[in-house]
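# Observations on chain architecture
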Amino acid sequence: MSAPPNFDIDPLAFKQDPYPALAQMRSQAPVCFVPQLNATLLTKRDDIFTCEKNIDIFSSQQPGGLMTVLMGENMMRKDGEAHLTERKQMFPSVSPRTVRDHWKAAFKGSALEILDGLAKHDEIDLCTQYAMPLSGHALRVITGLTNLTAAQMDFASQGMIDGVGNYGGDAQIEARCHEATTLIDNTIDELLPQVSDNADLGMLSVLTQSGQSLESVRANIKLAISGGQNEPRDAIAGTIHALLNNPDQLAMIGSGEATWLQAFEEYARWMSPIGMSPRRIASPFTWRGVELEEDSRAFLMFGSANRDEDIFDDPDTFDITRDTSKAISFGAGPHFCAGAAASRTLIAEVALPMIFERFPNMQLAGNVVYDGWAFRGPASVPVRL
Ligand code: HEM
């Protein structure tokens, strides 16, 4: 038994493209300590799949962590019963049935309106002009914060994500994060009298009616916004980009040989919108002969798991016909994404089919650059409609 081997990264290169370093880690040191991140990384798919469920060791409780400090203690930072109770309380607003019977029609309405607006343009940026507003409108409906605009939703989400990753303590980033959380708190305060009179399936109403404390309601809505805007936004723009880059695969969807859902699931495997989830080691633990110290930080690297060559053939290639059932893009334990059903419907049943139906001759109109390792997506996807 020994301490995890060190693996140095160049933080800038890792942010631009983490996949080469992650491949080296998987082959040379699948459980390694990265000094630049001050964390031990688990990079193999089966290790993460097993360890994530062992919540006595891989605890989500991180009381001093940036997310808890800046956004309040949400369910993603709780274990066991405390986590499960809040997750069940949220379920009615994100269940597959609610998504099918209530949210899907709203998602379609928003997509139609945005596509109508785009029809007068020759060239657009898919990220800011389609994926961002569509994702924002969907989240307004799901959270029940309907008095926010889609742009405010995007600002709030980005502000919190940047704040939670602000390990360097940049004052401007922290200030923007406070602005984002204040915006959400004020919006909740404005809406509270309404939701106590008129119950609906929006998260604010559902959580309030469930008896959850207002402090936890605020924290969980912030969680849904920080985790529910960027990922569908990046996945919508990224999947369209990947399909335009692979016209043979797009044609397979047109001919019924493959589906939009396969395209989305493969994108989420290939370019995981959430690349990692952090845990605190609750007691000393040995895995693969490597000792993990109590109270040290471990990162479950979903993005690496999804490119594990022991699981996926030719893992760096985007191929919508592959079996993605072992991908863990939405997690692999009790914290499995609560918004998975909403995301699949929004992206595979609404966003992708509707834009390709409306603009069947859409073509890429410039370079697309991906960025990020904890959250990853394209910065812009210019297309000619
Ligand atoms: C492409 C879209 C999305 C992806 C790839 C994604 C991915 C993830 C991942 C990897 C986790 C952590 C799982 C873990 O630690 O095991 C997570 C958790 C979570 N996500 Fe998502 N997510 C997406 C969209 C959404 C949306 C739209 C919402 C809200 C409507 C949402 C709400 C949540 C919540 C509340 C949690 C915490 C669950 C818990 O602690 O039990 N996500 N998501």
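Small disclaimer: the values here were computed from a predicted structure and weren't measured. Numbering of residues begins from 1 in every chain and follows the order in which that chain's sequence is written. Selection of residues for local features in this predicted model requires a pLDDT of at least 70, selection of side-chain atom pairs for listing and counting requires 80 or more, and totals for whole chains, interfaces and linings are taken over all residues. Side-chain measures were taken over the full set of non-hydrogen atoms in the model, leaving aside hydrogen atoms and water.

### Observations regarding the environment of Leu 385
Rule in force here: A run of H or I in DSSP becomes a helix once it reaches four residues, and a run of E becomes a strand once it reaches two; helices and strands are each numbered from the N terminus. Only heavy atoms enter the contact rule, under which two residues are in contact if any of them lie within 4.5 Å.
Mapped onto the fold, Leu 385 is located in the segment after β12 (382-384). Taking the C-alpha atoms as reference points, Leu 385 and Leu 118, separated by 267 residues in sequence, lie 8.7 Å from one another. Once residues lying within four places of it in the same chain are set aside, the contact partners of Leu 385 are Leu 118, His 121, Asp 122, Ile 124, Phe 359, Asn 361 and Met 362.

### Section: the sheet that holds strand β2 (residues 39-42)
Heads up, the rule is: Pairing between two strands requires that DSSP report at least two bridges joining them.
Taken together, five strands build an open sheet; the order of strands is β1-β2-β8-β5-β3 and the sheet is mixed. Taken across any chain shown, the strands that pair with only one partner, and hence form the sheet edges, are β1 (31-34) and β3 (58-59). In this structure, β2 lies alongside strand β8 (residues 297-300), joined through three bridges in parallel fashion. For Thr 40, the partnering residue across the bridge sits in β8 and is Ala 298.

### Thoughts on helix α9 (residues 171-197)
The line we're drawing: Given a helix with a known number of residues, its expected span is that number minus one, times 1.5 Å. Bend at a residue means the angle formed by two fitted axes: the first through the 7 residues ending at that position, the second through the 7 residues beginning there. Two N or O atoms form a polar contact when they lie within 3.5 Å of each other; inside protein one atom must be a possible hydrogen donor and the other a possible acceptor, and for residues adjacent in sequence the pair counts only when both atoms belong to side chains.
With 27 residues, α9 should reach 39 Å at 1.5 Å per residue; the first-to-last C-alpha distance of 40 Å fits that figure. Along α9, the sharpest change in direction is near 45° and occurs at Leu 191; proline Pro 193 comes one to four residues later. Buried residues along α9 sit against α4 (66-71), α8 (150-164), α10 (203-209) and α11 (214-228). Its side-chain oxygen 2.9 Å from the backbone nitrogen of Gln 172, Asp 170 forms the N-cap of α9.

### Re the sheet that holds β12
Taken in spatial order, the three strands make up an open sheet running β4-β12-β9, and their pairing is antiparallel. Each edge of the open sheet carries a strand with a single partner, namely β4 (123-125) and β9 (363-364).

### Considerations on the coordination of the iron atom of the ligand
Tetrahedral coordination by four donors sets the ideal angle at the metal to 109.5 degrees; octahedral coordination by six donors sets it to 90 or 180 degrees. Put simply, the test is: Distances up to 2.8 Å from the metal define which N, O and S atoms are donors, and 3.2 Å serves for Na, K and Ca; water is absent from the atom set, so sites may look incomplete.
Within the protein, a single donor atom binds the iron atom of the ligand, namely Cys 337 (SG) at 2.3 Å. Tracing the backbone shows Cys 337 in the loop between α15 (302-305) and α16 (340-358).

### Considerations on the environment of Leu 115
For Leu 115, the location among the structural elements is in helix α6 (residues 96-118). Each C-alpha atom, one on Leu 115 and one on Leu 66, is 38 Å from the other, the two residues being 49 residues apart in sequence. Excluding its chain neighbours within four sequence positions, the residues that come into contact with Leu 115 are Tyr 130, Met 354, Ile 355, Arg 358 and Phe 359.

### Considerations on the packing of aromatic side chains
As a reminder, the rule being used: Note on aromatic contacts: the rings of Phe and Tyr and the six-membered ring of Trp form a pair at centre separations within 6.5 Å, being stacked when their planes are under 30 degrees apart, edge-to-face when over 60 apart, and tilted otherwise. Relative accessibility under 20% of the residue-type maximum defines a buried residue, over 50% an exposed one, and the middle range a partly exposed one, all with a 1.4 Å probe and only protein chains included.
Summed over the entire model, instances satisfying the criterion amount to 10 aromatic pairs. An angle of 85° between the planes, with centres 5.7 Å apart, marks the rings of Phe 58 and Phe 285 as edge-to-face. Of this pair, Phe 58 sits in strand β3 while Phe 285 sits in strand β6 (residues 285-287), and the two are 227 residues apart along the sequence. The same class applies to Phe 58 and to Phe 285, which are both buried. A ring pair is formed by Phe 330 and Phe 336, whose centres lie 6.0 Å apart and whose planes are at 50°; its orientation type is tilted. Given the relative accessible area of 30%, Phe 336 is considered partly exposed. Cluster of aromatic residues (ring-pair linked, three or more members): Tyr 267, Trp 270, Phe 318 and Tyr 370.

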